[in-house]
Structure formats: structure tokens, C-alpha cells
Amino acid sequence: MLTDLLGNNRDWAARIEREQPGFFKRLAAQQTPEYLWIGCSDSRVPANEIVGMLPGELFVHRNIANLVLHTDLNCLSVIHFAVNVLKVKHIIVCGHYGCGGVRAALSNQDYGLIDHWLRHIKDIGYHCRDILDAEPDEQHRVDRLCELNVLQQVENICHTGIAQKAWQRGQSLAIHGWIYSIEDGLIKDLKVDIDCVDSMPAIYSLRQEALQA
Ligand code: CO
């Protein structure tokens with residue numbers, strides 16, 4: 001029932017205020033999160049909760065299968081604001097095993113409109129088909145593609161002018177790839193942490209003089 005949700009909200013606000021008097025007043029003045037979280041919309045992967053962060057500590061963008069597309073003004077605007085205004089120090093792309101979006105992308109069904117969104121995951125699957133074909137079954141293929149998808153989204157962020165310009169002006173910014181397991185609540189660090197332009201493929205790289213223009 002909706003009234004339960006509103007009741008829960010009152011209890012929650014009262015508890016936080018009891019534990020940390022003045023919490024909301026302080027938060028209302030400004031937000032200074034150090035992290036941007038890009039995750040899946042899946043209801044089982046609540047960003048703040050699984051990393052123990054309070055309101056004000058995590059700037060969040062979620063969509064189906066945690067994609068960062070260069071034509072998605074919504075996601076790009078979030079990244080732009082997080083990097084240029086909030087000056088977050090870390091962007092975390094956190095996928096999750098068993099992602100329904102990734103599973104759908106590996107299937108041959110017609111899901112309608114969302115197929116256009118999932119097509120980006122299909123492209124990764126096709127590009128990495130040798131890796132996926134080496135997996136023993138469907139479940140493992142889905143989970144491997146969930147990981148590969150995170151890595152691709154980390155790359156996509158690095159390729160944006162937003163990240164490159166931040167690095168060029170010496171701003172501290174690191175992009176990380178993680179994956180969450182719904183089955184045990186634990187996050188696995190995929191050990192991809194990028195904090196400079198060093199390994200950028202040339203075609204994505206903005207030239208220094210172009211950045212200054
Ligand atoms: Co998902």
C-alpha cells in the first residue's frame with residue numbers, strides 16, 4: 001500500500017534525525033558526494049544501501065543494464081554535472097550478475113522498443129563472441145557478458161570529452177568497474193581503475209589543443 005511507503009518514510013526520517021540531529025538541515029545546504037554511481041535499475045541493486053552510503057554521499061544514475069551511451073543525453077548530463085560541478089573523484093559502473101537486460105540481449109526474442117537499448121549489449125556480445133562461446137552454459141554466458149558490459153561502459157566514460165577534459169586540467173577522477181551478486185549481496189571489483197588518458201585508443205582521444213579551444 002502507498003500509505004505504508006509514506007509511513008515508512010516518516011519513520012526513516014525520524015530515525016536518521018534521532019541518530020544524527022540536524023542531518024537534513026545540513027544536507028539541504030549542499031551536497032558534496034565524492035562518488036557517481038552508474039548502476040542497473042534492477043530493484044534488487046539499491047545503490048546507497050549496498051555500499052552503506054547515506055543521503056548526500058552518492059550521486060546516482062541508473063538505467064536498464066547500466067549503459068553509458070554517447071547518444072544518451074540523460075546519462076551524459078549526469079556525468080557532466082557530477083564531474084564538472086560536483087567534482088566527484090570516482091565514477092563507479094556497477095553491473096550485476098543475472099541482469100535481465102543482459103539476458104534479454106543474448107536471446108533472440110522480440111521485446112519491442114527496448115530492443116534498441118539492448119542492442120548495445122548485443123553488440124558487445126557479438127564483439128566478444130569467442131569469450132562467450134567458451135562458457136559452458138547460458139547462465140555463465142549471461143554472467144560473463146554482465147562483466148564485459150561493465151568493462152565496455154567504463155571505456156565509454158573514458159572516451160567522453162567530459163572525462164578527458166577533467167584529466168587534462170589535472171582534476172582527480174578515476175573510473176571503476178564493479179559487479180554485484182544478487183545471490184550473496186557482495187560486490188566483486190573487476191580491477192579496472194582508470195585515472196588518466198594513457199591507454200586511450202587514438203580515435204577517441206581529444207587533442208590537447210582541441211581541448212583548449
Ligand atoms: Co540489471
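Values in this document were obtained by computation on a predicted structure and should not be read as measured data.

Conventions used here
- Residues numbered from 1 in each chain as written.
- Predicted model: local features only at pLDDT ≥ 70, side-chain atom pairs only at ≥ 80, totals over all residues.
- Heavy atoms only, no water.
- Salt bridge = Lys/Arg side-chain N within 4 Å of Asp/Glu carboxyl O.
- Helix = DSSP H or I, 4+ residues; strand = E, 2+ residues; numbered from the N terminus.
- Buried < 20%, exposed > 50% of the residue type's maximum accessible area, 1.4 Å probe, protein only.
- Donors = N, O, S within 2.8 Å, 3.2 Å for Na, K, Ca; no water.
- Axes fitted to C-alpha atoms, helices over the stretch in contact; angles between N-to-C directions.
- Parallel < 35°, antiparallel > 145°, perpendicular 65-115°, else oblique.
- Contact = heavy atoms within 4.5 Å.
- Nonpolar A, V, L, I, M, F, W, Y, C, P; charged D, E, K, R; others polar.
- Phe/Tyr/Trp six-rings, centres within 6.5 Å; stacked < 30°, edge-to-face > 60°.

Below, the discussion takes up the pattern of salt bridges. In the structure shown here, the tally under the stated rule is seven salt bridges. Across the pair glutamate 147 and arginine 144 runs a salt bridge whose closest N-O atoms are separated by 2.4 Å. With glutamate 147 and arginine 144 both in helix H8 (residues 138–159) and three residues apart, the pair spans about one turn of that helix. On the basis of relative accessible area, glutamate 147 is assigned to the buried category, the value being 10%. Note on arginine 144: relative accessible area 30%, which makes it partly exposed. Through salt bridges that share partners, Glu135, Arg144, Glu147 and Lys188 make up one connected network.

The coordination sphere of the cobalt ion, as far as protein atoms go, consists of Cys40 (SG), His96 (NE2) and Cys99 (SG), spread over 2.0 to 2.3 Å. Site description for the cobalt ion: donor spacing in sequence, C-x55-H-x2-C. As far as burial versus exposure is concerned, histidine 96 and cysteine 99 are alike and both buried.

What follows covers the side chain of asparagine 66. Mapping asparagine 66 onto the fold places it in the loop between strand E2 (58–63) and helix H4 (73–84). Exposure remark for asparagine 66: the relative accessible area of 2% places this residue in the buried category.

This brings us to the packing of H8 against helix H9 (residues 161–168). Viewed as axis vectors pointing N to C, H8 and H9 meet at an angle of 60°, and their least axial separation amounts to 4 Å. Looking at the two axes, H8 sits oblique to H9. Residues Ile157, Cys158 and His159 of H8 pack against Gly161, Ala163, Gln164 and Trp167 of H9. Residues belonging to the contact of H8 with H9 are distributed by class as follows: four nonpolar, three polar and no charged.

A word on the packing of aromatic side chains. For the structure on display, the rule yields three aromatic pairs. Consider the rings of tryptophan 12 and phenylalanine 24, whose centres lie 5.6 Å apart with planes at 65°: the pair is edge-to-face. Here phenylalanine 24 lies in helix H2 (residues 23–29) and tryptophan 12 lies in helix H1 (residues 2–19), a separation of 12 residues in the sequence. The class for tryptophan 12 is partly exposed, based on a relative accessible area of 32%. Overall, phenylalanine 24 belongs to the partly exposed group, its relative accessible area being 28%. By the ring-pair criterion, three or more aromatic residues cluster together here, those being Trp12, Phe23 and Phe24.

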